[in-house]
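Take a look at the letters that make up each chain.
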Amino acid sequence: QVQLVESGGGLVQAGGSLRLSCAASGRFYRVELMSWYRQPPGKQRELVAGITRSSITNYADSLKGRAAISRDNAKNTMYLQMNDLKPEDTGVYYCYGNIKRNIGDFASSYWGQGTQVTVSS
């Protein structure tokens, strides 16, 4: 069974910083693409940032310049450093992983359960 577990969310004042982590565990061959999504209150889930296995990154315009996504392939872990947080960054942040269970398999999609980020004004 493959699991993605997020950590690092919490309550922070506007202008503050948070570092989210997402660790993949279980039986699998390799983690391919990893991404962070968020779901603001009352809104749909949206892409925040993504990173390939070779660390090519992309960011949503809303966080560009204020966030840095990274990963440690040896630890099967992804990070999101967010700075200068704004109240509109509030939401549940989800980890997404495209993971190969076995060497010859196509990669499948997995989601974490989410971690709450609340930014107070």
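Provided above is the structure to which this section pertains.
Note that the structure is predicted; figures quoted are calculated from it, not measured.

A. Expanded view of the nonpolar core. Ranked by internal contacts, the top residues of the largest apolar core, which has 27 residues, are Trp36, Met78, Leu80, Met82 and Tyr93. Among the secondary structure elements, those contributing two or more residues to this core are strand 1 (2–7), strand 3 (18–26), strand 4 (30–39), strand 5 (46–51), strand 7 (67–72), strand 8 (77–82), strand 9 (91–100) and strand 11 (115–120). When residues no more than four places from it in sequence are discounted, the contact partners of methionine 82 are Gly16, Ser17, Leu18, Leu20, Leu63, Arg66, Ala67, Tyr93 and Val117.

B. Expanded view of the environment of leucine 63. Within the secondary structure, leucine 63 is located in the loop between strand 6 (57–59) and strand 7. Residues in contact with leucine 63, not counting those within four places in the same chain, are Arg38, Val48, Met82 and Asp89.

C. Geometry of the packing of aromatic side chains. As enumerated under the stated definition, the model contains 3 aromatic pairs in all. For the ring pair tyrosine 37 and tyrosine 96, a centre distance of 6.2 Å and an interplane angle of 70° mean the geometry is edge-to-face. Pair noted here: tyrosine 37 is in strand 4 and tyrosine 96 is in strand 9, with a separation of 59 residues, a long-range link. Residue classification places tyrosine 37 among the partly exposed residues on the basis of a relative accessible area of 21%. Judged by relative accessible area, which is 12%, tyrosine 96 ranks as buried. Here arginine 45 stacks its cationic end above the ring of tyrosine 94, 3.7 Å away from the centre of that ring.

Rules of the game
- Residues numbered from 1 in each chain as written.
- Predicted model: local features only at pLDDT ≥ 70, side-chain atom pairs only at ≥ 80, totals over all residues.
- Heavy atoms only, no water.
- Core = buried A, V, L, I, M, F, W, Y, C linked by side-chain atoms within 4.5 Å.
- Buried < 20%, exposed > 50% of the residue type's maximum accessible area, 1.4 Å probe, protein only.
- Helix = DSSP H or I, 4+ residues; strand = E, 2+ residues; numbered from the N terminus.
- Contact = heavy atoms within 4.5 Å.
- Phe/Tyr/Trp six-rings, centres within 6.5 Å; stacked < 30°, edge-to-face > 60°.
- Lys NZ or Arg CZ within 6 Å of the ring centre and 35° of its normal.

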